[in-house]
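# Reading the structure
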Amino acid sequence: MSGTFLRLVCVAATAAGTALAPVPAAAVPDPETEQPSVARLLTDLQRLYRQAEQATEAYNATEEKLKRQRAETDRLERALARARLSLHDSRGAAGRLARQQYQSSTGISPYVRLLLARDPERAVDQGRVIGRIARERAGTVGRLTGTERKARDLARKARKALDEQLALTERRRKERDTVRGRLHDVEELLASLDRDQLTAVAELEEDGVAKAQKRFMASGALGAAGSAGTVRRPTAAGGRAVRYAVRQLGKPYEWGAEGPKSFDCSGLTSQAWAAAGTLIPRTSQEQWKRLQRIGLDELRPGDLVVYFEEATHVALYLGDGQVVQAPRPGAKVKVSPIAANPVLGAVRPDPDGKPLRHYEPPELPEGATDGSDEGYDGDTGDED
């Protein structure tokens, strides 16, 4: 991230202290200045940040698929190596069998020799030996045939798995470039604004969030959990997830990051629950798709609140209408109003968990909710 971009982001974030919230868009520039209105600038920034987050979650999803594909490719390659070693042994056994047959060949069938034997008892013993040898030879040939078939099948699967891994690697590269492009668009827009414009946009954003939160809380969507000072009791795992998330307050947002020094939105929620002993999907869209959905009036600390129609943002519910989130590039992990973004719904990672009998919400560090990014000297988190 350029120094100019950092300074602009810091000014805007310090003045705003909240995540982006929907506001009415002005479709035309101010006729007096011929410059875009403050509302239009904020709408454009919201759009760019949302596009960047959509691209980030797509990148994260591909990264997860690539991890699984690498593991599958490695598994198949190890199995193929074992099959080839077994095939080598089977071919050696088949070779020894061929040599034995050649060396013992007299031109007379062993069955004819058996019929010509003078000693019936010995003939019966020889018959048993001949039968055992025949079975061993058949087994050797069968193992060789089966091992060859298995090796061919594994080689085919390994080639296919490697092709899929290479395709995912290329797809990840393109999605990484898309994220960088979206962040560059944000940088350009911010760099085009002067200090007064940044301050005005931040103030409008803050006002929009406050109004959205007031409407949301007044709607009764949270039920009893929406009462001032009311915090439902989490499960033991949910409490651990909340404590983990609170310990990350002040750490920078970085796209694609899962900690410990920085996070993106779903990186924070997935790692919080991993620290609580429960593995959940990596991306916000998979969390929305695969975890149990609950009503907003059922929210308890540790549940996940998912945002936007595409489920491209997620935060961890803290209680009392507040969430912990990694908001966007240039910002830090912070506590925000639940309505800081358009709410899609909520999911619960531990639906079978029992609420604790006693629960003390974690103490928040001073300034945890002001959204200040002052002093942050990181970058956009672009990967090499």
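Now for a quick tour of the structure.

Cut-off values and rules
Residues numbered from 1 in each chain as written. Predicted model: local features only at pLDDT ≥ 70, side-chain atom pairs only at ≥ 80, totals over all residues. Heavy atoms only, no water. Helix = DSSP H or I, 4+ residues; strand = E, 2+ residues; numbered from the N terminus. Contact = heavy atoms within 4.5 Å. Buried < 20%, exposed > 50% of the residue type's maximum accessible area, 1.4 Å probe, protein only. Axes fitted to C-alpha atoms, helices over the stretch in contact; angles between N-to-C directions. Parallel < 35°, antiparallel > 145°, perpendicular 65-115°, else oblique. Left-handed = near helix turned anticlockwise from the far one by under 90°. Nonpolar A, V, L, I, M, F, W, Y, C, P; charged D, E, K, R; others polar. Expected span 1.5 Å × (residues − 1). Pairing = 2+ DSSP bridges. Phe/Tyr/Trp six-rings, centres within 6.5 Å; stacked < 30°, edge-to-face > 60°. Lys NZ or Arg CZ within 6 Å of the ring centre and 35° of its normal. Polar contact = N/O pair within 3.5 Å; in protein donor to acceptor, adjacent residues only side chain to side chain. Core = buried A, V, L, I, M, F, W, Y, C linked by side-chain atoms within 4.5 Å.

Further remarks concern the side chain of Thr269. When you line up the elements, Thr269 lands in helix H7 (residues 265-275). The residues contacting Thr269, other than those within four sequence positions of it, are Ile280, Gln287, Leu304, Val314, Ala315 and Leu316.

Attention shifts here to H7. In terms of residue burial, H7 counts as a mostly covered element, since eight of its eleven residues are buried. Here H7 has its buried residues at Cys265, Ser266, Gly267, Leu268, Thr269, Ser270, Ala272 and Trp273. Count one or two residues on from H7 and you reach Gly277, which has phi positive near 95°.

Here the focus is the packing of helix H6 (residues 236-247) against H7. Relative orientation of the contacting elements H6 and H7 amounts to 130°, with a least axis distance of 8 Å. Of the possible angle classes, the one that applies to H6 and H7 is oblique. The two elements H6 and H7 cross, and the hand of that crossing is right-handed. Across the interface between the two elements, Ala237, Gly238, Ala241, Tyr244 and Ala245 of H6 pack against Leu268, Gln271, Ala272, Trp273 and Ala275 of H7. Residues belonging to the contact of H6 with H7 are distributed by class as follows: eight nonpolar, two polar and no charged.

Take H6 next. Given a rise of 1.5 Å per residue, twelve residues ought to cover 16 Å, and the 17 Å separating the end C-alpha atoms of H6 matches this to within 8%. Buried residues of H6: Ala237, Gly238, Gly239, Ala241, Val242, Tyr244, Ala245 and Val246, and no others. If you follow the buried residues of H6, they end up packed against H7, strand E3 (313-319) and strand E4 (322-325).

Turning to the pairing of E3, a few remarks are in order. Where burial is concerned, most of E3 is hidden: seven out of the seven residues are buried. In this sheet, E3 lies alongside strand E2 (residues 304-307) in antiparallel orientation, the contact comprising four bridges. Following the sheet pairing, Val305 is matched in E3 by Ala315. Linkage of E2 to E3, two consecutive antiparallel strands, is achieved through a turn of five residues, within which Phe308 is found at a positive phi near 70°. Pairing of E3 with E4, which is carried by three bridges, proceeds in the antiparallel orientation. Each residue of the ladder has a partner; that of Tyr317, found in E4, is Val323. Connecting the antiparallel pair E3 and E4 is a turn made up of two residues, with Asp320 showing a positive phi of about 55°.

The subject of this paragraph is the packing of aromatic side chains. Using the criterion set out here, one finds one aromatic pair in the structure. Where Tyr244 meets Phe263, the ring centres are 6.5 Å apart and the plane angle is 90°; that geometry is what we call edge-to-face. Taken together, the residues Tyr244 in helix H6 and Phe263 in the loop between H6 and H7 connect sequence positions 19 residues apart. Accessibility classification places Tyr244 together with Phe263 in one group, the buried group. In this structure, Arg293 is placed above the aromatic ring of Trp288, and the distance from its NZ or CZ to the ring centre is 3.9 Å.

Residue position: Asp303 is located in the loop between strand E1 (292-294) and E2. According to the relative accessible area criterion, Asp303 is buried, its value standing at 1%. In this structure the side chain of Asp303 is engaged in a polar contact, spanning 2.8 Å, whose partner is the side chain of Arg348. Once you skip the residues sitting within four places of it in the chain, Asp303 turns out to touch Ile294, Glu298, Ala315, Leu316, Tyr317, Val347, Arg348 and Pro349.

Below, the discussion takes up the nonpolar core. Soluble, globular proteins show a tendency: their nonpolar side chains are buried together. If you look at the biggest cluster of nonpolar residues, it comprises 35 residues, and the most contacted ones within it are Trp273, Leu304, Leu316, Val324 and Val333. When residues of this core are traced back to their parent elements, those giving at least two are helix H2 (38-103), helix H4 (120-191), H6, H7, E2 and E3. Residue contributions to this core peak at six residues, all from H6. Among all residues touching Val324, those that are not within four sequence positions of it are Ala245, Leu249, Leu268, Ala315, Leu316, Leu318, Val333, Lys334 and Val335. Grouped together as the second largest cluster of nonpolar side chains are 15 residues, Leu296, Leu299, Val323 and Ile338 included.

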